[in-house]
Amino acid sequence: TSKGGVVDTLEDMFRTAYQKHFEQLPLIQAALSHVWGRGQAAALFKSAAAQAVQRSLTRALSRGVERGELRADADVGLLSEMLWDVYVANYRLAVFENFGVDDLLSRMRQQIRALLCGFLRD
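The following refers to the structure shown. (Residues numbered from 1 in each chain as written. Predicted model: local features only at pLDDT ≥ 70, side-chain atom pairs only at ≥ 80, totals over all residues. Heavy atoms only, no water.)

Comments concerning the pattern of salt bridges
Pairing of side chains with opposite charge becomes possible as their charged atoms draw close.
Next, step 1: Evaluation of the coordinates by the stated rule reveals five salt bridges.
Next, step 2: Measuring nitrogen to oxygen at the nearest pair gives 2.4 Å for the salt bridge that ties Arg 113 to Glu 11. Of this pair, Arg 113 sits in helix H7 (residues 101-116) while Glu 11 sits in helix H1 (residues 6-22), placing them 102 residues apart in sequence.
Next, step 3: On the basis of relative accessible area, Glu 11 is assigned to the buried category, the value being 10%.
Next, step 4: Between Arg 67 and Glu 69 there is a salt bridge, and its shortest N-O distance comes to 2.6 Å.
Next, step 5: With a relative accessible area of 45%, Arg 67 lands in the partly exposed category.
Next, step 6: Residues participating in the shared-partner salt-bridge network are Glu 11, Arg 109 and Arg 113. (Salt bridge = Lys/Arg side-chain N within 4 Å of Asp/Glu carboxyl O. Helix = DSSP H or I, 4+ residues; strand = E, 2+ residues; numbered from the N terminus. Buried < 20%, exposed > 50% of the residue type's maximum accessible area, 1.4 Å probe, protein only.)

Spelled out as structure tokens, the structure:
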């Protein structure tokens, strides 16, 4: 994990994921198309891998609360779910808008800040 704050940690997590999975973009596109096309989207979001990622996101956000970076009333479960949803949804930009890894990371950075803006302490 990052030695920086919660935003840096989240950015590092998503950077690693995009760098690792971008090479497999056609496979990701096919998998997402399959589960969405067959009404199996719930399986994607309830898979062991997805739940492990969400637990990691929840831990990172919880550490942010513990360190006073995020307000104590931040719903870290909901925020981790939303971050996961945004991460998966961003692959459409790679497929349809020809976003590269750097483009995805830039977008994700903006999305992280937007999702956390009401909970970040100064």
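A word on the environment of Arg 107
Next, step 1: As for its placement among the helices and strands, Arg 107 is situated in helix H7.
Next, step 2: Accessibility expressed as a relative area gives 28% for Arg 107, which makes it partly exposed.
Next, step 3: Ignoring anything within four residues of it in the chain, the contact list for Arg 107 reads Asn 90, Leu 93 and Phe 99. (Contact = heavy atoms within 4.5 Å.)

Worth remembering: the numbers are spatial, not functional.
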